[in-house]
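Observations on the model geometry
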Amino acid sequence: MSDQRAVGILPVDEFDVALLDLDGVIYIGPHLVDHADGAIALARERGMRFGFVTNNASRTPEDVAAHLCELGIGASVDDVVTSSQAGAHVLAQRLDADTAVLAVGGPGVDAALLEFGLRPVRSLEAQPAAVMQGFGRDVQWRDLADASVAVRRGAYWVATNLDATLPIPGGRAPGNGMLVAAVAQAAGRGPDAVAGKPHAPLMRDSIDRLQARRPLVVGDRLDTDIEGADRLGIPSLLVMTGVTDVATAMSAPAGQRPTLLARDLRGLLERHPSIDGDGRGCWSARSSRARVEEGAVVVRVGRGNDGWMDALRCACAASWATPDADIGGAVRVLSSGMP
Ligand SMILES: [Mg+2]
């Protein structure tokens, strides 16, 4: 696949810890993603450990762990790492204990600051030395105004994450990145640090917390999960259960190309084939093939249950190897090995 070629990898044997994204990987809104619970349980039986790593700053780790348990996925508070915690860790490395920090966002922001020995405050009167801004459904204009003034006065500003949008029932809503942009516009500059994916603090803290020796990042988004892994040189698995469709995966720019591709989390328990190029533009995995021809990727779908996934793996390899072909996700299927 990407630069870190997949050579017959069985993830559950190859990696000691999987750092899982949540939304689009384990659940979508209130619903469990198909096979997520079963795959995690089976992988655990085989010795794999899991960290649940989320850019969502508004909820506390306790809330996230409780939600996962409700969905039938055993998770303790220690298994959950949020961008609020990573942001508070960034601040704790710079500030003395009990320093006042203007907290903008949901309960997860305040809780993380307290956890790291800082003092969350909600007004400028407390003379905050720093601002931590994470998403919260109840964030108001007053909060953004206070943050803007504090930043202009020189407060150190950490954004938990810059996700531009947030999935909600029926569509998308502005995410934390938009609220950060509002403050940046008023303050005349951007944040001093960003904690969440694809930035390093959240991923680094997750690896430390889980004491991972050979981690695998698992996610559904190219520009957060996969790019975050790539920046730290960590192998990644893209699952097709969330926001990334086939055309988007095939069009992934360098730096956002996953090491491995799978339909869903059962991909942790499946052997991923090597993707071999013949040096003349044809890529093969087991009995599937793909090549770029006349502005489209032409695939031959191989035999068996893996045929379609292997064809997609080859299609990505072919597309990524010819970035100037302007394929735009166009695929022609020559034959199907599906029954
Ligand atoms: Mg996601």
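Residues numbered from 1 in each chain as written. Predicted model: local features only at pLDDT ≥ 70, side-chain atom pairs only at ≥ 80, totals over all residues.

As a further point, take the overall build of the chain. Of regular secondary structure, the chain possesses 11 helices and 20 strands. Relative to the globule expectation of 20 Å for 339 residues, the C-alpha radius of gyration of the chain, 21 Å, shows essentially globular dimensions. The proportion of buried residues among the 339 residues of the chain is 51%. (Helix = DSSP H or I, 4+ residues; strand = E, 2+ residues; numbered from the N terminus. Rg over C-alpha atoms; globule rule 2.2 N^0.38 Å. Buried ≥ 20, exposed ≤ 12 C-beta atoms within 10 Å, placed from the backbone.)

What follows concerns the packing of helix H4 (residues 83-92) against helix H8 (residues 200-210). Across the interface, H4 lies against H8 with an axial gap of 9 Å and an inter-helix angle of 100°. The orientation of H4 relative to H8 falls into the category roughly perpendicular. Side by side, H4 and H8 meet where Ser83, Gln85, Ala86, His89 and Val90 of the first sit next to Pro201, Leu202 and Asp205 of the second. (Axes fitted to C-alpha atoms, helices over the stretch in contact; angles between N-to-C directions. Parallel < 35°, antiparallel > 145°, perpendicular 65-115°, else oblique. Contact = placed C-beta atoms within 7 Å.)

We now examine the domain arrangement of the chain. Here the chain is described as being made up of domain 1 (11-55 + 198-268), domain 2 (84-194) and domain 3 (276-335). On a C-alpha basis, the centres of domain 1 and domain 2 stand 26 Å from each other. Facing 8 residues of domain 1, the contacting portion of domain 2 comprises 9 residues. Looking at the side of domain 1 that touches domain 2 element by element, the count peaks at 3 residues for H8. Residue classes in the side of domain 1 that touches domain 2 are distributed as 2 nonpolar, 4 polar and 2 charged. (Domains from an automatic or database assignment. Nonpolar A, V, L, I, M, F, W, Y, C, P; charged D, E, K, R; others polar.)

Quick look at H8 now. Residues of H8 that are buried include every one of Pro201, Leu202, Met203, Asp205, Ser206, Ile207 and Leu210, and no others. Residues of H8 that are buried make contact with strand E1 (17-20), strand E4 (49-54), strand E5 (80-82), H4, strand E13 (215-219) and helix H9 (222-232). Two residues or fewer after H8 comes Gln211, characterised by a positive phi angle close to 50°.

To continue, consider the sheet that holds strand E15 (residues 260-262). With parallel pairing, 6 strands are arranged side by side in an open sheet as E5-E4-E1-E13-E14-E15. The open sheet is flanked by E5 and E15, the only strands paired with a single partner. Averaged over neighbouring strand pairs, the angle between their axes works out to 25° when direction is ignored. Both E1 and E13 contribute to a ladder of 4 bridges, which runs parallel. Residue pairing across strands places Leu20 opposite Val218, the latter belonging to E13. H9 rests against E13 and strand E14 (236-239) of the sheet, and its axis sits at about 160° to E13. (Pairing = 2+ DSSP bridges.)

Among the nonpolar cores identified, the biggest contains 99 residues, and Ala18, Leu20, Val131, Met132, Cys314 and Ala315 are the most heavily contacted of them. By residue number, the principal contributor to this core is helix H11 (residues 307-321), which donates 8 residues. What Cys314 contacts, discounting residues up to four positions off in sequence, is Ile275, Trp283, Ser284, Ala285, Ser288, Arg289, Ala290 and Val299. (Core = buried A, V, L, I, M, F, W, Y, C linked by C-beta atoms within 7 Å.)

It is worth spelling out unusual backbone geometry at this point. Lys197 connects to Pro198 through a cis peptide bond whose omega is 10°. Relative to the assigned elements, Pro198 resides in the loop between strand E12 (193-194) and H8. The phi dihedral of Gln211 is positive, around 50°, even though this residue is not glycine. Within the element layout of this structure, Gln211 appears in the loop between H8 and E13. Given 10 C-beta atoms within a 10 Å radius, Gln211 is considered exposed. Notably, Arg286 is not glycine yet its phi reads approximately 50°, a positive angle.

At their nearest, the axes of helix H6 (residues 141-152) and helix H7 (residues 176-187) sit 9 Å apart, and the two run at 45° to each other. Accordingly, the angle class assigned to the pair H6 and H7 is oblique. Classified by chirality, the crossing of H7 by H6 is right-handed. Every residue of H7 that contacts H6 at Leu144, Ala147, Ser148, Val151 and Arg152 is listed here: Leu179, Ala182, Val183, Ala186 and Ala187. Its residues assigned to classes, the contact of H6 with H7 comprises 8 nonpolar, 1 polar and 1 charged. (Left-handed = near helix turned anticlockwise from the far one by under 90°.)

What follows concerns the sheet that holds strand E8 (residues 130-133). Strand order in this open sheet of 5 strands is E7-E6-E8-E9-E12, and the pairing throughout is parallel. If you trace the sheet from one side to the other, it starts and ends with strand E7 (119-121) and E12, each paired once. Sheet topology places strand E6 (residues 100-104) next to E7; 3 bridges connect them, and they run parallel. In the sheet register, Val101 faces E7, and the bridge partner there is Pro120. Helix-sheet contacts for H4 involve E6, E8, strand E9 (156-159) and E12, and the interaxial angle to E8 is about 170°.

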